[in-house]
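Survey of secondary and tertiary structure
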Amino acid sequence: MSHADTAVIIPAAGSGERLGVGIPKALVEISGQTLLERAVQNISAVAQLIVIAAPPGFEEEIKKIFTEPSVLVVAGGRVRSESVANALKVIPSKYQYVLVHDAARAFAPTELAERVLSELIQGQSAVIPALDVVDTIKVVDAEDFVVDTPNRSTLRAIQTPQGFTVDVLKQAHATGSDATDDAALVSQLGIPVKTIIGEPLARKITTLADLTWARELVGQS
Ligand code: CTP
Ligand code: MG
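The following refers to the structure shown.

Reading guide: rules and limits
- Residues numbered from 1 in each chain as written.
- Chains lettered and ligands numbered in written order.
- Predicted model: local features only at pLDDT ≥ 70, side-chain atom pairs only at ≥ 80, totals over all residues.
- Heavy atoms only, no water.
- Salt bridge = Lys/Arg side-chain N within 4 Å of Asp/Glu carboxyl O.
- Buried < 20%, exposed > 50% of the residue type's maximum accessible area, 1.4 Å probe, protein only.
- Helix = DSSP H or I, 4+ residues; strand = E, 2+ residues; numbered from the N terminus.
- Near = heavy atom within 4 Å.
- Polar contact = N/O pair within 3.5 Å; in protein donor to acceptor, adjacent residues only side chain to side chain.
- Areas by Shrake-Rupley, 256 points an atom, 1.4 Å probe, with all protein chains shown as cover.
- Nonpolar A, V, L, I, M, F, W, Y, C, P; charged D, E, K, R; others polar.
- Axes fitted to C-alpha atoms, helices over the stretch in contact; angles between N-to-C directions.
- Parallel < 35°, antiparallel > 145°, perpendicular 65-115°, else oblique.
- Left-handed = near helix turned anticlockwise from the far one by under 90°.
- Contact = heavy atoms within 4.5 Å.
- Expected span 1.5 Å × (residues − 1).
- Arc of directions from axis to C-beta.
- Patch = residues over 30% accessible without salt bridge, like charges linked within 9 Å, V, L, I, M, F, W, Y side chains within 5 Å.

**Comments concerning the pattern of salt bridges**
- Counted by the stated rule, this structure contains nine salt bridges.
- The salt bridge involving Asp 102 is made with Arg 105; its shortest N-O contact spans 3.3 Å. You'll find Asp 102 and Arg 105 in the same group, each marked buried.
- For Asp 132, the salt bridge is made with Arg 156, and the minimal N-O distance between the two is 3.4 Å. With Asp 132 in strand β7 (residues 126-132) and Arg 156 in strand β10 (residues 156-158), the pair connects residues that are 24 residues apart, well separated along the chain.
- Relative accessible area serves as the criterion here: at 39%, Arg 156 is assigned to the partly exposed category.

**A closer look at the site of ligand 1**
- As a matter of local geometry, ligand 1 sits amid 18 residues, with Pro 11, Gly 16, Glu 17, Arg 18 and Ser 83 nearest to it.
- In this structure, Glu 17 approaches ligand 1 through a main-chain N or O atom, which is 2.7 Å from an oxygen atom.
- One of the backbone nitrogen or oxygen atoms of Arg 78 is found 3.2 Å away from a nitrogen atom of ligand 1.
- When isolated, ligand 1 has an accessible area of 560 Å², and the protein chains bury 87% of it.
- Its residues assigned to classes, the shell around ligand 1 comprises six nonpolar, five polar and seven charged.

**Digging into the packing of helix α3 (residues 80-88) against helix α5 (residues 166-174)**
- Relative orientation of the contacting elements α3 and α5 amounts to 130°, with a least axis distance of 10 Å. Between α3 and α5, the crossing angle belongs to the class labelled oblique. The crossing of α3 and α5 is left-handed. Packed against α3, whose contacting residues are Ser 81, Val 84, Ala 85 and Leu 88, the element α5 presents Leu 169, Lys 170 and His 173 at the interface.
- Across the contact of α3 with α5, the residue classes break down as four nonpolar, two polar and one charged.

**Observations regarding helix α4 (residues 110-121)**
- Between the first and last C-alpha of α4 there are 16 Å, a value that for twelve residues agrees with the 16 Å anticipated at 1.5 Å per step.
- When α4 is considered as a whole, its buried residues turn out to be Leu 112, Ala 113, Val 116, Leu 117, Glu 119 and Leu 120. Down the axis of α4, the buried side of the element spans an arc of 155°, and every buried residue falls inside it.
- Following α4 by one or two positions, Gly 123 has its phi on the positive side, about 115°.

**Considering a nonpolar patch on the surface**
- On the surface, a nonpolar cluster with roughly 250 Å² of combined accessible area is contributed by Val 21, Ile 23 and Leu 208.
- Relative to the helices and strands, Leu 208 resides in helix α7 (residues 208-217).
- Assessed through its relative accessible area of 51%, Leu 208 is described here as exposed.

Right, dumping it as structure tokens:
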């Protein structure tokens, strides 16, 4: 499934501090392919335009990897929301829908992006993949003491790709706030955000354990 008015933003500008391999996480290779290349490859079927927010100093290197005219590369920001906002600025006005997808979730299947997009086409303005959580989640204070235990059945672990109408995502980023996902900024505006069932393969490569998971997945240990 593809739609003539869908752009994809790939925030790829993070330094990958928790992974700690000394290069930006998006450029880490698994089986000869960077996480960024794999993320782009897995989502490109639904997009007419892909905008990558590149890590500082790596714009030219990334432009050399993606030479096709349907891929644009912009400078990333200091925080994730700034990277998304920079990418949003270069999306031409004809685009109606935008999916924001972390380079770090390189193994998210095309089918997940298709399900997100399909909800947008059916009239939702914000759609995010969600998985039930298995652990009990607690809120703690600055001294590490528990202040709350939300009922687990009301909690979800949220993934990308997250889908929005371009209009709504622009409104969300106009505030200039930062959050760990785009849907948080949309919620702050009071706009309903719909969750759909997520995908274990959309796991975020964050730590060395996640990298091991990914290498086993592609049969390279
Ligand atoms: N990201 C970005 N710009 C930033 C920070 C993060 O585009 N200033 C991107 C990352 O490249 C990643 C996604 O946002 O694809 C999710 O962020 P995260 O997994 O936290 O990646 P890093 O920030 O690179 O990792 P860490 O927090 O461990 O440094
Ligand atoms: Mg980060």
